[in-house]
Amino acid sequence: MIIAMFTAIGVGYSSSLPSAAALNWVLKDGLGRLSRCIYTASLASAFDTNLKRVRFVTSVLFVGSIGLELLTPAFPRFFLLLATIANIAKQISLACYLATRSAVHQSFAKADNLGEISAKAQIQTVCFDILGLMLAALVNMWIGNHQRPHAGLHFIVYPFFASMDLFGIYQGLKHVHLQTLTKDRLEIILNTWIECGSVPSPAEVSEKEVINFLGVKGKSLWPIRIGCINPKDQIPKWSMKTIQSITDEDYYFVCMEIFKGLKRTGQHRIVLSIREGAEAVHIIMGLLQACYIRRTLVNRSKLDSIGENNASNSALEDWSAIVEDGKRSAERDVTNLIEQMVGMGWVVKNILLSKQEQARYSFVCD
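Sequence order as written defines residue numbering, which begins from 1 separately in each chain. Since the coordinates come from a predicted model, pLDDT governs what is reported: local features require at least 70, and pairs of side-chain atoms require 80 or more to be given and counted, while whole-chain, interface and lining totals use all residues. Only hydrogens and water are set aside; all other atoms, that is, all heavy atoms of the structure, feed into the side-chain values.

1. With respect to helix H5 (residues 79–108)
Okay, so step 1: Taking 1.5 Å per residue, 30 residues should reach 44 Å; H5 reaches 42 Å between its end C-alpha atoms and fits that length.
Okay, so step 2: Bend is computed residue by residue as the angle between axes fitted to the seven residues ending at the residue and the seven residues starting at it. Helix numbers and strand numbers start at the N terminus; a helix is a DSSP run of H or I with at least 4 residues, a strand a run of E with at least 2. Largest kink in H5: about 40°, centred on threonine 100. To estimate the expected span of a helix, count its residues, drop one, and scale the result by 1.5 Å.

Have a look at this one:
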C-alpha cells in the first residue's frame, strides 16, 4: 500500500513536484475532516436517540474503509480516490465513537465512577491494539516467507477478521444498558407496564431493543409517532374533533392520521403532539395514553373498517370514548409508574427525542 501511495502522488516520475504530492495528501485529509464536521452537525440528536444503531453503522463504515485501503495496491492510479473515501469513512466512525463514548461509559458507572470506567476502557483499547499489531506482524512475516503461493491471502483473511470485529461490536452493544429514556425505550417500558403491571429494568429493555441497521422499523399495528401533525397526511374527521376540544390546560393531545407512503394503501397511525412548555411527566403520560389507545384498537376490530372520510356519529362516539378511557387510565397509573421507573434506575427527568419528535405546538386562545 505504501508503494501505491507514492506512485499515486507522483513519486518516481521526473515531472512530479513535491508541492503536488503535498496538495494531494492535504486534499485527502481535508475532505475527511470536512465530512466529519458535516456528519456530526447533521446527526447531533441521533447520537442520543439512536446511539446503538449509529454506533454499529459507523463501525461497519470503519471496517469497510479498511477494505478500501487493502485495494489500493491493486489500483495504484486510483489511490487518492480510494484513500479519500476510506479516510472519510474513518473520520465519520471516529466522530461517532467520540460522541457516544461517554454515554456508553456512563451506563457502566453504577457507583458514579465514570473516571475509573473511562481509564479501564483506554487500557482495554491499548491492550487489544497491541495484540492486533502483534498478530498483524506475525501474519505479515508468514506471508513474506510464502509470498508467491499466498500473494492474495489478505483478501481472504480480511473478511474473516472483519466479521469477527463486527460480531463483537454487536454483542458488546447488546450488553450496554442505557438508563436514559428515548421514545423507543419508553414505549417498551409502557407496553410492559400495560401487559404485566411492572416496569422492566434497563437490562430487560436492552434485550428487547433492536439494533436496526437500516433504521427502517418493521410493520406493526397502530404505530405511535411523536411530533406535529403532517398536513400531507389525512386526518379523519372524527379524529379532528379531538383536536378541536383541546384546552389551555392540556399539554398534549392524541389523534389519528392516515399515512400514505410509497404504497397507495394508507396506514393508520396514532400521533402524540406535545405542547410547548410540556415536561417529561407530560410526555410519559401522553405516550402511556397512546399505548392504552393502541391496545384498545388492536383488541377491537370495529374501527379498522372505518372509511377515511367516515364521520358517522358511531365512529365519533367510539373514538372519543377510547381516547377518554385511555386518558383516565394514564392519569391513574402515571404516578405509580414513574415511582417504579425511578426505583429501577431509569432517568425520568428528561426524555431524549429526535429532531422531528421535538416539534411542539402552541396553544392560542381566541
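2. Comments concerning helix H8 (residues 183–196)
Okay, so step 1: Helix length check: H8 (14 residues) gives 20 Å between terminal C-alpha atoms against 20 Å at 1.5 Å per residue, within 8%.
Okay, so step 2: Accessible area is worked out with a 1.4 Å probe on protein chains only. A residue is then buried under 20% of its type maximum, exposed over 50%, and partly exposed in between. Within H8, 10 of the 14 residues are buried, which leaves it mostly tucked inside the rest of the structure.
Okay, so step 3: Three or more residues of H8 are buried, namely Lys183, Arg185, Leu186, Glu187, Ile188, Ile189, Leu190, Thr192, Trp193 and Ile194.
Okay, so step 4: Of the residues one or two after H8, glycine 197 is the one with positive phi, at around 75°.

3. Some remarks on the side chain of arginine 269
Okay, so step 1: If you trace the backbone, arginine 269 turns up in strand E4 (residues 267–275).
Okay, so step 2: Residue classification places arginine 269 among the buried positions, given a relative accessible area of 15%.
Okay, so step 3: Under the rule applied, a polar contact is a pair of N or O atoms within 3.5 Å (in protein, one hydrogen donor and one hydrogen acceptor; residues adjacent in sequence only if both atoms are side-chain atoms). Engagement of the side chain of arginine 269 in a polar contact is seen with the side chain of glutamate 257, the distance being 2.6 Å.

4. Digging into the environment of glutamate 207
Okay, so step 1: When you line up the elements, glutamate 207 lands in helix H9 (residues 202–208).
Okay, so step 2: Assessed through its relative accessible area of 65%, glutamate 207 is described here as exposed.
Okay, so step 3: Separated by 32 residues in the primary sequence, glutamate 207 and histidine 175 have C-alpha atoms spaced 8.3 Å apart.

5. Some points on the confidence of the model for the protein
Okay, so step 1: Scored from 0 to 100, pLDDT records how confident the predictor is in each individual residue. Taken residue by residue, the protein gives an average pLDDT of 80. The fraction at 70 or more is 78%.
Okay, so step 2: Between the elements of the protein, mean pLDDT differs from a low of 49, seen in helix H1 (residues 2–9), to a high of 94, seen in H8.
Okay, so step 3: The contact rule is simple, with two residues in contact once any of their heavy atoms fall within 4.5 Å. Note that pLDDT drops below 50 for residues 2–6; the model gives that stretch 7 contacts with residues more than four away or on any other chain.
Okay, so step 4: In the model, residues 304–312 has pLDDT below 50 throughout and makes 14 contacts with residues more than four positions away in sequence or in other chains.

6. Some details on the pairing of E4
Okay, so step 1: Burial within E4 is extensive, with 7 of its 9 residues counted as buried.
Okay, so step 2: Strands are treated as partners if at least two bridges between them are detected by DSSP. In this sheet, E4 lies alongside strand E2 (residues 224–226) in parallel orientation, the contact comprising 3 bridges. Bridge assignment links isoleucine 226 to a residue of E4, and that residue is leucine 272.
Okay, so step 3: Sheet topology note: the strand E3 (residues 252–259)/E4 ladder contains 8 bridges and is antiparallel. Within the sheet, the bridge partner assigned to phenylalanine 253 lies in E4 and is serine 273.
Okay, so step 4: Note: E4 against strand E6 (residues 360–361), 2 bridges, orientation parallel. The residue of E6 that forms the bridge with arginine 275 is tyrosine 361.

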